[in-house]
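Letter by letter, the chains look like this.
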Amino acid sequence: MARRSGYWIGFFLVLGALGAAPLVLPEFWRRFVTEILIWGLLAMSSDILIGYTGVVSFGHSAFFGLGMYGAAFGLLRFRPNLWLALAFGLLAAATVAAFVAYFSTRLRDIYFSICTLVFSQIFYVIIFTWTEVTGGENGLVFRQPPLSVPGWQRAFTPATLHWFVLSIVTLTYLALRQVTRSPFGMVLQAIRENESRTMAIGYDVKRYKIVAVMLSGLCAGLAGILYAVQNRFVAPNFVFFDVSGEVVIFNVLGGMGTLVGPVLGAAVFFLLREGLSRYFTEYYLIPVGMIFMLTVIFLPQGLLGFLRRQLNQ
Amino acid sequence: MLAARDVHAFYGKSHILHGVSLEVRAGEVVGLLGRNGVGKSTTLKTIMGLVRPARGAIVFDGRDVTGVATHRLARLGLAWVPEDRRIFPSLSVWENLRTGLDRAGVGHAKRADLLEKVFRYFPLLAERRYQAGRTLSGGEQQMLAIARAMMLEPKIILLDEPTEGLMPRMVGQIREIIETLRQDGVAILLVEQSVPLTLAVSARVYIMEKGVVRHEAPAPALRADDAVIRRYLGV
Amino acid sequence: MIQLLNGLVNGMILALVASGLTLIFGIMDVVNFAHGELYMLGAYVGTTVLAAGGSFWLALGVASVTIFCLGAAIQLVTLRPLLGRDPLATILATFGLSLVLQNYALWQYGPVARKIQEPFTGHFRIFQLEYPWYRIIIAVLSAAIMLALWLFLKRATWGIWIRATAQDRTMAAAMGIPVPLVHTAVFSLGGAMAAASGVLYGPLVGVDQTLGPGIILRAFIVVVVGGMGNLGGSVLAAVFISLLESFASLWMSPAQAVIVSFVLLIVTLLFRPTGLFVPTPK
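Residues numbered from 1 in each chain as written. Chains lettered and ligands numbered in written order. Predicted model: local features only at pLDDT ≥ 70, side-chain atom pairs only at ≥ 80, totals over all residues.

Further remarks concern the overall build of chain A. When its secondary structure is counted, chain A shows 14 helices and four strands. Taken over the C-alpha trace, chain A has a radius of gyration of 19 Å; the compact-globule value for 313 residues is 20 Å, and the two agree within 12%. Taken along its principal axes, the extent of the C-alpha atoms in chain A is 50 × 45 × 45 Å. Per-residue burial over chain A gives 47% buried out of 313 residues. (Helix = DSSP H or I, 4+ residues; strand = E, 2+ residues; numbered from the N terminus. Rg over C-alpha atoms; globule rule 2.2 N^0.38 Å. Buried ≥ 20, exposed ≤ 12 C-beta atoms within 10 Å, placed from the backbone.)

Below, the discussion takes up the nonpolar core. One finds B:Leu158, B:Ile188 and C:Ala195 to be the most contacted residues of the largest nonpolar core, which totals 264 residues. It is helix 10 (residues 205-231) of chain A that provides the largest number of residues to this core, a total of 17 residues. With residues near it in sequence (within four places) discarded, B:Ile188 still touches B:Val29, B:Ile156, B:Ile157, B:Leu159, B:Ile178, B:Leu181 and B:Arg182. (Core = buried A, V, L, I, M, F, W, Y, C linked by C-beta atoms within 7 Å. Contact = placed C-beta atoms within 7 Å.)

Contacts between chain C and chain B engage 16 residues on the former and 20 residues on the latter. Elements represented by at least two residues in the side of chain C that touches chain B include exactly helix 6 (157-167) and helix 7 (169-174) of chain C. Split into classes, the residues belonging to the side of chain C that touches chain B amount to 10 nonpolar, four polar and two charged. (Nonpolar A, V, L, I, M, F, W, Y, C, P; charged D, E, K, R; others polar.)

Within an α-helix, residues lying three or four positions from one another point in the same direction, as the helix has 3.6 residues per turn. The end-to-end C-alpha distance of helix 5 (residues 109-129) of chain A is 31 Å, a good match for the 30 Å that 21 residues give at a rise of 1.5 Å each. Counting buried residues along helix 5 of chain A, 15 of its 21 residues qualify, which places the element largely inside the surrounding structure. (Expected span 1.5 Å × (residues − 1).)

Right, let's talk about unusual backbone geometry for a bit. With glycine set apart, most residues show a phi of negative sign, and most peptide bonds adopt trans. All names here are of chain B. Despite not being glycine, Arg 85 shows a phi value in the positive range, around 70 degrees. Assignment of secondary structure puts Arg 85 in the loop between strand 6 (78-81) and helix 3 (93-101). With 23 C-beta atoms packed within 10 Å, Arg 85 lands in the buried category. One non-glycine residue with positive phi stands out, namely Glu 161, at about 45 degrees. In this structure, Glu 161 sits in the loop between strand 7 (156-160) and helix 7 (168-183).

In short, shape yes, function no, at least from these values alone.
Next comes the structure, spelled out in structure tokens:
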């Protein structure tokens, strides 16, 4: 009981701090925090697969990117409406996720990873070369849709955008947390621990994995939509492998299988990038890569797992 | 020459060996009997450094070798012939033998000697020299496994259920081989299901139960009095 | 006709990279994400030797030896501590490694592509078309290196050790084979082969830090299509895929031609996950 109330106290403290962030932080850091939340959402979505189902997606950029392009398509071809963008983005991400899930979940381990990687590259090539629709290499630029509810609308300010992102990320987190604790989530974790045994007990492992990939892809798409809305443009390099790789880094740094860990991982990554860029300029990935490897070797539970163990002692 | 002292070992979380102690003297054939699952194979694996003992020590040639890497133990003169033979399936018979033969300190003369010897003991292997390991029959694989171990010029062979699944004719052959090895001065720690075979070839016998050695006796004594055998093995 | 030749030449280089990758997987169960970076660094070491006035062949040798040593160091520092952990950990570690190496190359050599001068500039005529001799040399040399590897695995003591370790690590150790050393050697050897391919292919593409990601995905495809850990299968798959891409580029842009091999991979994964060029297990 104490643990549980401790959790909620922590939850509201963090939520409060994040909510207050745009009121106290200067412009650069305000934007920084909003962006971390979006990348954190993407990382969290990937955690459903890495941390809970035990398969690594190296193709999360596809879902993220399709969310972005879906939103852009809705905004440019129809009307600049936030909810329309959301609907189009989610639809695009869901379609792609269903497609990828159908094929990739027949495979295990590294084959799954390679399959997701290859699919994301296929989508990258399509987006890169289908210039009429996607703008090709240059991507697409559009106006930011206003925050609207029927009968009321107002252009986004940095602060309202931040709160909008924060509320979506928080709601998604709570939903995913519920999912991971549900019987469905338990089956996923059983698959992670021992896939053959889970199958032997009589669970249709493939179906569970398909749903997991779709859920994960949908959340990743949501992150893509938020990113598109925040930055008012989409570009093919968000569909490229680099993004998928970073998502995996977030997970490992922060701690897989915790949902919040990957968000923490994203924050640490961007802080490291900010800090290290001063000394290493654009080569910051050299030290970051080393820190990543050290984490893999010495802190397999990630930062969050490490902190938890320290606190418990 | 080889001794296990109060060895405890785990597989994951299950405690398999609860303090096994046994000893094999140079050139001695020692039997290790017991029902299925009492830890006989695990004892051999622990001696071979494949399972790390949680407590206790393995002493070989007067030296504490607990925790020494398996490949070093093999070079020191410990050979292991596992229960399922574990022939390298895509290596030919000749290449299987070479895994033990190609090591420092084996000159041309010694190579020829060793090969001549195993081909004399196992003429069939000479015939099948270029055949892949997986194409051999069970009995041939068993012979190859023993021949391969002999390539290491071991001081002791840990022989795990050599007659399992073999035809009676083959069992006789295995028994002869054990005799021959003993005459060559190679010690053997033999794990077997066949009590008569074990009693026939061994000088001494240990009987294991639930991860510990319960009984130790010279083989002739057990041959004379089968009450002990009946009590521990139920035969 | 040109497509056929180009496909064969690219296929041999790809086979050389992929055979190192599949060797490492077969022996160590390690999927080496950093393999493309070893290939790229090999090419860079080659450019350095050439810049210092060395000959092309010296560059080839020095690059292979350097990456062999680098591979040993990498294996000892990052992969050996992970022995016995789940395969995910090694995938992640080599992925981290690829980031470090790729950005190291960017930092060390800058973003401008470097050129490796081919040792032969002659052409010959075939069906009214000029075709450079050097490409033929590449294919022949790659084939020679792979043949040497095959003979080494077949005949040499270390070759037998490597094969024994691949088939049964535990039994290999029990036969006195120094398994940890075999792992290090295999990783180094795979790296050296990647480096050699990098130098050989350098004159055709120019050397920059994106070489690694460019080839690794195709090498993965080759390794999976050929059957993980299967050397002969990898060679066949590499040639097959390169020919396919080469002919596909008649109808579409090279970027889109890559999709053909992607599709081939997915089809393979779905219907023959153990590899296209492997006999069906009974």
